[in-house]
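Structure at a glance
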Amino acid sequence: MPSSSTTQAPRVHQDDVEVFSYDEQITRLFVLATVIWGLVGMLVGLLLALQLPFPEANLGQYLSFGRLRPLHTNAVIFAFAGNAIFAAVYYSTQRLCKTRMYSDWMSRFHFWGWQGIIVSAAITLPLGYTTSKEYAELEWPISIAIAVVWIIFAINFFATLKNRRVKHMYVALWFYIATIVTIAVLHVGNNLAIPVGAFESYPIYAGVQDALVQWWYGHNAVAFFLTTPFLGLMYYFLPKAAERPVFSYRLSIVHFWSLVFIYIWAGPHHLIYTAVPEWAATVGMVFSVMLWMPSWGGMINGLFTLRGAWHKLRDSVVLKMFVVGITFYGMSTFEGPMLSVKSVNALTHYTDWTIGHVHSGALGWNGFMTFGMIYWLLPRLWRTPLWSDKLANAHFWVGTLGILVYVISMYVSGITQGLMWRAFDDAGRLMYPDFMETVVQVIPMYWARFIGGSLYLAGMVMLVVNVMMTIRDAPDTLPDAAQIAARKPVTAGMSGDGAPGTGAEGNGTAAPTPDTATASDTPSGKDDDDDDDTPRPGTKKVQLPTPGDD
Amino acid sequence: MGRFIDKDGMHRSLEGWPLVFTVLTTIAILVGGLVEIVPLMLADDAAERIETVEPFTPLELAGRDIYISEGCVGCHSQAVRPFRHELERYGEYQRAGETVYERPFLWGSKRTGPDLARVGGKYPHLWHVRHMEDPRSTSPGSIMPPYPWMLEQDANLDVLPRKLRALRALGTPYSDEEIAQATALAEEQAAEIAREIEQQGGPADLASKQIVALVAYLQRLGTDLDAAPNVENELSDASSTASGSN
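Remember, predicted model here, so these are calculated numbers, not experimental data. (Residues numbered from 1 in each chain as written. Chains lettered and ligands numbered in written order. Predicted model: local features only at pLDDT ≥ 70, side-chain atom pairs only at ≥ 80, totals over all residues.)

**With respect to the overall build of chain A**
Along its length, chain A carries 14 helices and six strands. Every one of the 550 residues in chain A was classed for burial, and the buried ones make up 59%. Of all intrachain contacts in chain A linking residues separated by at least 6 positions in sequence, the fraction that spans at least 24 positions is 81%. (Helix = DSSP H or I, 4+ residues; strand = E, 2+ residues; numbered from the N terminus. Buried ≥ 20, exposed ≤ 12 C-beta atoms within 10 Å, placed from the backbone. Contact = placed C-beta atoms within 7 Å.)

Dropping the structure here:
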């Protein structure tokens, strides 16, 4: 526990240690970008939700549903969730490797390059420049920019791994590795196209091939942009917030490898009963069902990390957010395999159920994991207490209610559509031959979804207020705290390998508080060490390895 | 298994080798995609060919690009599934051979509105003009956004030679003449459609407008399958492809 290590006197010569610092500013930048783009992306989503039951809300050529929909999906996936995972990666990788990011310059290039990409998406999509491929709508110049920024990110990340002072990579880093490699492969593979204008191109694939490549990409954008990095986030921040080691090291190995292997196969379940070969659709379905187990491995490892610590939920909005987030992860990763079973898919495909499914994942898992992380990071990054716990709690409740209203209304609407489309009357004719009947029927559900989305957005606004007010109270300058590490790399036996979590050994993955030398040396004397859960002004932690440990 | 995942097992060593770890991860994520996609790339697509399926005309291509640009695919699928209720509602189910000139594919994943794969010829041109101008005028209760600017803005036909050339480089069989004359061919077809719209009682002078290109595209959708007399043979070929026995 942190308290037991606060009064230890150092017994090590200065020559044995080196002093370094973590780049905190880059995490702050990504956190701010997450919050700003989250607000924008969800606002666009709410406008779309209004446009469906109330078409008069289509505000002209540039703000009609067809053009705004890709803007919404890109904004929430790549701007909101994207900046959130970068915040998580930059914060946790440095600490798990006990080293600063390899290059501050590359970190800044990544940050500003990514924001530039988002802005160019926000301009080109309403102008109608789109490839039409879902989650890969951005036209070729922006695609190239994404590849460049991603490569810089990858170099920076892997060079940081190389510079690490901790021998073994903690499980969060495995998931980051899988994310960085796979997104690069998917992005390049799916965006191969011949330009025919500044913002126009034709893909090198046609028809069935194009469909398969697109959903190989599309499904795995969900897998490797919205799942694996968030599992990495979970593996770092959940044990930190719960002050518990991860439940099972073995489970983390098994579920990591099975998840990254199986996910890739699942893409064709988006194309069941289309002209793609039957075998491909069947393979996609079978692997989707198999995917249920590794997905739940992650959920179990997350939820069981809280064993013996459930009482902490009462006082911790961070843990509450995480628990609901992981629960929605479990629900949507059960739902996903179910929807890929052919007979279920026959009913649900093309309906609003799909929309409900993705929002259970996006609002529940991605959103709440992000919110939990931000509420945990805010006081640490800005070295000041959260402005309002009450407001954060209100965010939690209104957000949860919003998700439920959203998701349930889409389930009802989706099942209604599916059943009406396939209904026959007694004479064997279509019961609802006029498609319009099935549209009019679900409009009340579209209004309900609008209410659910409004609640969720209201929660987002509460977060924005809390962030602004917390930052307003923060010190004017926030210099990076000095860290101390032994000169030699820390070996396996003695270190926690940077693994977060405290207390007794779980099933092996997380050791006690990382005992690599760390010390806080801020001028204010505030302890902002990451191993410490609550910043305690006035205390100073110095905890050095004994020379014999090397 | 135990030796591998124990606390001091082999995986523990692997965690100390980021390069090896990354290589193994890369292999793990490549396998599935390769197994599913490569056979399709290598397959002889002659088996899927349907003789009556022709490339889009230049004007239809321009209309298709408008369809893409407006994000129509967000609400309209173009892939009829082989269920009785879909056959009754929309028409023939989708054949692989029909999609060989679709760059990109526009099958969609949502039906907020109806499937459009077989919409060609279902309504007169004028219906589409009115519908795009104000969807609720032709379809009371519709929640589709209106697109009145399509009747006012010119379609960009000058870029068509470049587009056709790019598509030919990718394998669409456009002739040299078609590429050279692409803009003229498009204007010719547009004039014909505009004339028909006027005959049906619609507004005059639409020939250069986006709406005509879009109408050309929509009226083409799904019609190739029935375009020739020997369609029976083609159908049996295509359906065996669709059911995976190629």
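Moving on from the coordinates now.
**Digging into the environment of Met431(A)**
Along the chain, Met431(A) falls in the loop between helix 13 (389-422) and helix 14 (435-472). If near-sequence neighbours (up to four positions away) are discounted, Met431(A) is found in contact with Ala423(A), Phe424(A) and Asp425(A).

**Regarding the confidence of the model for chain A**
All names here are of chain A. Mean pLDDT for chain A: 88, with 86% of residues reaching 70 or above. Confidence scores differ between elements of chain A, with strand 5 (residues 518-519) showing the lowest mean pLDDT of 34 and helix 3 (residues 104-124) the highest of 98. Note that pLDDT drops below 50 for residues 1-7; the model gives that stretch 10 contacts with residues more than four away or on any other chain. Every residue in residues 491-498 scores below 50 in pLDDT, and together they form 30 contacts with partners more than four places removed in sequence or on other chains. (pLDDT = per-residue confidence, 0-100.)

**As for helix 10 (residues 317-340) of chain A**
Its 24 residues give helix 10 of chain A an end-to-end C-alpha distance of 34 Å, which sits within 8% of 34 Å, the value for a rise of 1.5 Å per residue. The buried fraction of helix 10 of chain A amounts to 20 of the 24 residues, a majority that puts the element mostly inside the structure. (Expected span 1.5 Å × (residues − 1).)

**Regarding the packing of helix 4 (residues 58-69) of chain B against helix 10 (residues 182-199) of chain B**
All names here are of chain B. Closest axis-to-axis distance for the helix 4/helix 10 pair is 7 Å, and the angle between their directions is 85°. Comparing the axis directions of helix 4 and helix 10 gives the class roughly perpendicular. In this structure, helix 4 uses Pro58, Leu59 and Ala62 to contact helix 10, whose residues at the interface are Ala182, Leu185, Ala186, Gln189 and Ala190. Class assignment of the residues belonging to the contact of helix 4 with helix 10 gives a composition of seven nonpolar, one polar and no charged. (Axes fitted to C-alpha atoms, helices over the stretch in contact; angles between N-to-C directions. Parallel < 35°, antiparallel > 145°, perpendicular 65-115°, else oblique. Nonpolar A, V, L, I, M, F, W, Y, C, P; charged D, E, K, R; others polar.)

**Thoughts on helix 7 (residues 228-242) of chain A**
Since the α-helix packs 3.6 residues into each turn, any two residues three or four apart lie on the same face. Residues and elements named next belong to chain A. Between its first and last C-alpha atoms helix 7 spans 21 Å; for 15 residues at 1.5 Å apiece the expected length is 21 Å, and the two agree. Where helix 7 bends most, the angle comes to about 25°, and this point is methionine 234. Of the residues trailing helix 7, glutamate 243 is marked for its positive phi of about 55°. (Bend = angle between axes of the 7 residues up to and from the residue.)

**Let's talk about the domain arrangement of chain B**
Here chain B is partitioned into domain 1 (2-42) and domain 2 (50-242). Relative to domain 2 of chain B, the C-alpha centre of domain 1 of chain B lies at a distance of 44 Å. (Domains from an automatic or database assignment.)

**Quick notes on the environment of Val323(A)**
Residue and element names in this part refer to chain A. Along the chain, valine 323 falls in helix 10. Its 20 C-beta neighbours within 10 Å are what place valine 323 among the buried residues. Setting aside residues no more than four positions away along its own chain, valine 323 makes contact with Leu306 and Leu313.

**Some details on the nonpolar core**
Nonpolar side chains in soluble globular proteins tend to end up buried together. Within the largest apolar cluster, 218 residues are counted, with the highest numbers of intra-cluster contacts made by Ala213(B) and Leu214(B). Residue contributions to this core peak at 19 residues, all from helix 2 (residues 65-97) of chain A. Not counting chain neighbours up to four residues away, the residues in contact with Ala213(B) comprise Leu59(B), Ala62(B), Gly63(B), Ile66(B), Ala155(B) and Ala190(B). (Core = buried A, V, L, I, M, F, W, Y, C linked by C-beta atoms within 7 Å.)

**Some thoughts on the pairing of strand 3 (residues 200-203) of chain A**
Residue and element names in this part refer to chain A. Alternating residues of strand 3 divide into Glu200 and Tyr202 and Ser201 and Pro203, and every residue in both groups is buried. Sheet topology places strand 2 (residues 193-197) next to strand 3; four bridges connect them, and they run antiparallel. When the bridges of strand 3 are listed, proline 195 appears paired with serine 201. Hairpin remark: strand 2 followed by strand 3, antiparallel, with two residues in the connecting loop. (Pairing = 2+ DSSP bridges.)

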